[in-house]
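If you want the building blocks of each chain, they are given just below.
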Amino acid sequence: MSTQGRIERSLEELYRDDPERADGIVHGRRTGASRRGFLNGAGLAAMGATVGAAIPFAGSMPAGLVPAAQAQGAAPAPAAKGPQPLDFPGKDKGLVVLGDRPLVAETPEHLLDDETTPTAKFFIRTNGQIPEAAAAAEGWRFSVDGEVNQRLDLTLGELKSRFTPKTYRMVLECGGNGRSLFQPQARGNPWTNGGAGCAEWTGVPLSQVLNAAGLKETAKYTAHYGADPHLSGDATKDSLSRGMPIAKAMEEHGLVVFAMNGEPLSNIHGGPVRLVVPGWPASLSHKWLTRITIRDREHDGQGMTGTAYRVPNKPMVPGGKADERDFRILESMPVRSIVTAPANGARLPAGSREVAMRGAAWAGDLTVARVDVSIDFGATWIATQLAPTRNRYDWSRWSASVPLPSDGYYELWVRATDSAGKAQPHVAGNWNPQGYGGNALHRVAVLVG
Ligand SMILES: Nc1nc2c(c(=O)[nH]1)N[C@H]1C(S)=C(S)[C@@H](COP(=O)(O)O)O[C@H]1N2
Ligand SMILES: [Mo]
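Keep in mind that this is a model prediction, so the values were computed, not measured.

*Asks:* Looking at this structure, how should I read the overall build of the chain?
*Replies:* Within the chain, the regular secondary structure consists of six helices and 24 strands. For the chain, the C-alpha atoms occupy an extent of roughly 80 × 45 × 40 Å along the three principal directions. Across the 449 residues in the chain, those meeting the buried criterion constitute 53%. Pairs at least 24 residues apart make up 71% of the contacts formed inside the chain by residues separated by at least 6 positions. Carbon and sulfur atoms form 51% of the exposed surface of the chain, whose accessible area is close to 19,300 Å².

Quick look at the structure:
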């Protein structure tokens, strides 16, 4: 075998095992030399070999770019250390397990191609044990206490009969979604973009429930509690107990939910009763809800302190030590978009001169102003079409038909801009110890021919 052939094959392995080093080799940075800019000569040939075809837009492929074909989450690696498929009753086997104790599973972007995310494809995040399914859902009890005029004790049956339910299609997104995009790797479940889904949630507006209890002047913050035991089994510990300012709790789209996609809320998604608090980290959307306590100050439960669900006010050194005094609670999630078709690693027939792209975008409390795609590493961008949303907090489905100049290796990039004019960055910025707010643009590798 020729030396070049050996280099190419080992590069491919290197991209799997140590993408940064492989990238350095291809881009001539292995001896610490400064970046040369764009691919050329041997680097181009080696890169072409590792991605499996000539790269029509190699001229605009920036140095330092790990090709999407080799980046994390690309090829469905069969290796033992590769992604493990989820095996859970009622769940799609395409979900990828990020942790099994507690159980965490994400939805690969291409499985988020439905307009409304089916429950079978909806991501799972638990922080503690999964409680046993409630025997009699209608009898499920939860209470509202603390800084209220009268404590409320409600069964699910009473909740349904006393209040008027609403149904909204809304994104639920884990606060750590996109975490794996940080360099160096941040602490926590390595979500790609699959810690999110958009389902139809039916429930009673939380504001109505809080008004029924009557908020006192002193009411400042909510505190949420659920029936899931702590992993340790220690009954004095909560798996999670987060809360939000009263203003957020009183927004009309926050719901006390009992149905998802028209079916009674399943156990794994927090049934019989959960909160859905759209736009903010899904850790506020408490599952197996048993109690909401209204507090006269910021809540300090499990997941409220230290660097949990907090981001630095000022940029910190990536991988460095945090000064926790200068952190703030993560509120609205940042703008994000995903390509849901074609799937990463898709192959189009030789001679295809057009690719139909589809996806979704959302922007926390804001709306999506535009979604653009690029097939030339960001040199030029094409505006996509946005389908109308159903209600606030729904995701925006986008589509585009993009011409392909020739066969070869392409990266399809997508980038959304929110209603405040902020676009997704090329790489995850504002590094923080627990990796919140990683919303780098999404890209998929496609081979034509
Ligand atoms: N009781 C309880 N509620 C919870 C959690 C939990 O561990 N316990 N995890 C939260 C987090 S971090 C997320 S991302 C969402 C996930 O909701 P899902 O499993 O229905 O997708 O639930 C939230 N609600
Ligand atoms: Mo989460």
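*Asks:* Which parts of the structure should I look at to understand the pattern of salt bridges?
*Replies:* One side chain can pair with another of opposite charge once the charged atoms of both are near each other. All chains considered together, the criterion is met by 22 salt bridges. The residue arginine 169 makes a salt bridge to glutamate 115 at a minimum N-O spacing of 3.8 Å. Remark: glutamate 115 occurs in the loop between β3 (103-106) and β4 (124-125) and arginine 169 occurs in strand β7 (residues 166-173); sequence separation between them is 54 residues. We classify arginine 169 as buried; its relative accessible area is 3%. Using a relative accessible area of 51% as the deciding quantity, one classes glutamate 115 as exposed. A salt bridge links arginine 151 to aspartate 145, with the shortest nitrogen-to-oxygen separation between them at 3.6 Å. On the basis of relative accessibility, which here comes to 10%, the residue aspartate 145 falls in the buried class. Here the residues in one salt-bridge network are Asp145, Arg151, Asp153 and Arg291, joined through shared partners.

*Asks:* What exactly am I supposed to notice about the site of ligand 1 here?
*Replies:* Neighbouring ligand 1 are 19 residues; Phe123, Asp228, His269, Arg274 and Lys287 lie closest to it. The protein chains hide 100% of the 530 Å² of surface that ligand 1 would expose on its own.

*Asks:* Help me understand the sheet that holds strand β22 (residues 396-403) in this model?
*Replies:* Picture the strands of a sheet paired through backbone hydrogen bonds; they go either parallel or antiparallel. Overall, antiparallel pairing links the four strands, which are arranged β16-β18-β22-β21 in an open sheet. Each end of this open sheet is capped by a strand with a single partner; those strands are β16 (336-341) and β21 (385-386). Where β16 and strand β18 (residues 354-362) come together, five bridges link them in antiparallel fashion. Paired with arginine 336 across the bridge in β18 is tryptophan 362.

*Asks:* Could you clarify how one ought to interpret the side chain of serine 374 in this entry?
*Replies:* If you trace the backbone, serine 374 turns up in strand β19 (residues 368-374). Separated by 2.9 Å, the side chain of serine 374 and the backbone nitrogen of glycine 378 make a polar contact. Beyond its immediate stretch of four places on either side in the chain, serine 374 contacts Ala379, Thr380, Trp381, Glu411, Leu412 and Trp413.

*Asks:* It is not clear to me how the sheet that holds strand β17 (residues 346-348) should be interpreted in this structure. Could you clarify?
*Replies:* Read across the sheet, five strands follow the order β17-β24-β23-β19-β20 without closing on themselves; strand pairing throughout is mixed. Edge positions in the open sheet fall to β17 and β20 (382-383), since each of these has one partner strand only.

*Asks:* Would you mind showing me how to read the side chain of histidine 286 here?
*Replies:* Inspection of the secondary structure assignment puts histidine 286 in the loop between β12 (274-276) and β13 (289-295). What histidine 286 contacts, discounting residues up to four positions off in sequence, is His224, Tyr225, Gly226, Leu240, Ser241, Arg274 and Leu275.

*Asks:* When you look at the environment of arginine 274 in this model, what are you seeing that I'm missing?
*Replies:* By the element assignment, arginine 274 lies in strand β12. According to the relative accessible area criterion, arginine 274 is buried, its value standing at 4%. Between the alpha carbons of arginine 274 and alanine 247 there is a distance of 19 Å; along the sequence they are 27 residues apart. Residue contacts for arginine 274: discarding those within four places in its chain leaves Leu172, Trp201, Leu255, Val256, Val257, Leu265, His269, Ser285, His286, Lys287, Trp288 and Leu289. Within polar-contact distance, the side chain of arginine 274 engages the backbone oxygen of serine 285 at 3.0 Å.

*Asks:* When you look at the pairing of strand β9 (residues 221-226) in this model, what are you seeing that I'm missing?
*Replies:* Each regular strand shows side chains that alternate between the opposite faces of the sheet. Within β9, five of the six residues are buried, leaving the element largely enclosed by the surrounding structure. With six bridges connecting them, β9 and β13 associate as antiparallel partners. When the bridges of β13 are listed, tyrosine 221 appears paired with arginine 295.

*Asks:* Sorry if this is basic, but what is going on with a negative patch on the surface here?
*Replies:* On the surface, Glu13, Asp17, Asp18 and Glu20 cluster together into a negatively charged patch. Topologically, glutamate 20 is positioned in helix α2 (residues 19-26).

*Asks:* Would you take a moment to explain the confidence of the model for the chain for this structure?
*Replies:* Low-pLDDT stretches of the model should not have their predicted coordinates read in fine detail. Summary statistics for the chain give a mean pLDDT of 92 and a share of 93% for residues scoring 70 or more. Looking over the chain, one finds the lowest element-wise mean pLDDT in helix α1 (residues 3-17), namely 68, and the highest in β12, namely 99. With pLDDT under 50 throughout, residues 30-34 is counted as low confidence; its partners more than four residues away or in other chains account for four contacts. Considering only residues more than four positions removed or in separate chains, one finds that residues 74-79, a stretch of pLDDT under 50, has eight contacts.

*Asks:* In this structure, what is going on with the pairing of β7? I would like to understand it.
*Replies:* Here β7 lies mainly inside the structure; six of its eight residues are buried. Taken together, the eight bridges between β7 and strand β8 (residues 196-205) define a ladder with antiparallel strand orientation. Note that in β8 the partner of valine 171 across the bridge is cysteine 198.

*Asks:* How do you make sense of the nonpolar core when you look at a structure like this?
*Replies:* Across soluble globular proteins, nonpolar side chains have a tendency to be buried as a group. Formed by 30 residues in total, the largest nonpolar core has its most connected members in Phe142, Val144, Leu159, Leu206, Val209, Val256 and Ile294. Counting residues per element, the ones that place at least two in this core are β5 (141-146), β6 (152-155), α4 (156-162), α5 (206-213), α6 (246-249), β10 (255-260) and β13. Setting aside anything within four residues of it in sequence, one finds valine 209 in contact with Phe142, Val144, Leu152, Leu154, Leu159, Phe163, Val204 and Val256. Counting residues in hydrophobic clusters, the runner-up holds 24 residues, among them Leu14, Ala22, Met47 and Met61.

Thresholds, definitions, all that
- Residue indices follow the written sequence of each chain, beginning from 1 at its first position.
- Here every chain gets a letter starting at A, and every ligand a number starting at 1, in the order they are written.
- Since the coordinates come from a predicted model, pLDDT governs what is reported: local features require at least 70, and pairs of side-chain atoms require 80 or more to be given and counted, while whole-chain, interface and lining totals use all residues.
- Side-chain descriptors were evaluated using all non-hydrogen atoms of the structure, hydrogens and water having been removed beforehand.
- Helix and strand definitions follow DSSP, with helices as H or I runs of at least four residues and strands as E runs of at least two, each counted in order from the N terminus.
- For every residue, the accessible area (1.4 Å probe, protein chains only) is compared with the maximum for its type, and the residue is labelled buried under 20%, exposed over 50%, or partly exposed between those bounds.
- By definition, residues are in contact when any of their heavy atoms lie within 4.5 Å.
- Areas reported here follow the Shrake-Rupley algorithm with a probe of radius 1.4 Å; residue values treat only the protein chains shown as occluding.
- Salt-bridge detection follows one rule: a side-chain nitrogen of Lys or Arg within 4 Å of a carboxyl oxygen of Asp or Glu.
- Each residue is tested against the molecule or strand, and it is near if at least one of its non-hydrogen atoms lies within 4 Å.
- For two strands to pair, DSSP has to find at least two bridges joining them.
- Whenever two N or O atoms come within 3.5 Å, that pair is a polar contact, provided that in protein one can donate a hydrogen and the other can accept it, and provided that, for residues adjacent in sequence, both atoms are side-chain atoms.
- To count toward a patch, a residue needs a relative accessible area over 30% and no salt bridge; like charges are then connected within 9 Å, while nonpolar side chains (Val, Leu, Ile, Met, Phe, Trp, Tyr) are connected within 5 Å.
- In summary, the charge assignment counts Lys and Arg as positive and Asp and Glu as negative, without counting His or the chain termini.
- Each charge is placed at NZ for Lys, CZ for Arg, CG for Asp and CD for Glu.
- Confidence scores here are pLDDT values: one per residue, from the predictor, ranging 0 to 100.
- Within this scheme, the nonpolar core is defined by two criteria: the residues are buried Ala, Val, Leu, Ile, Met, Phe, Trp, Tyr or Cys, and they are joined through side-chain atoms within 4.5 Å.

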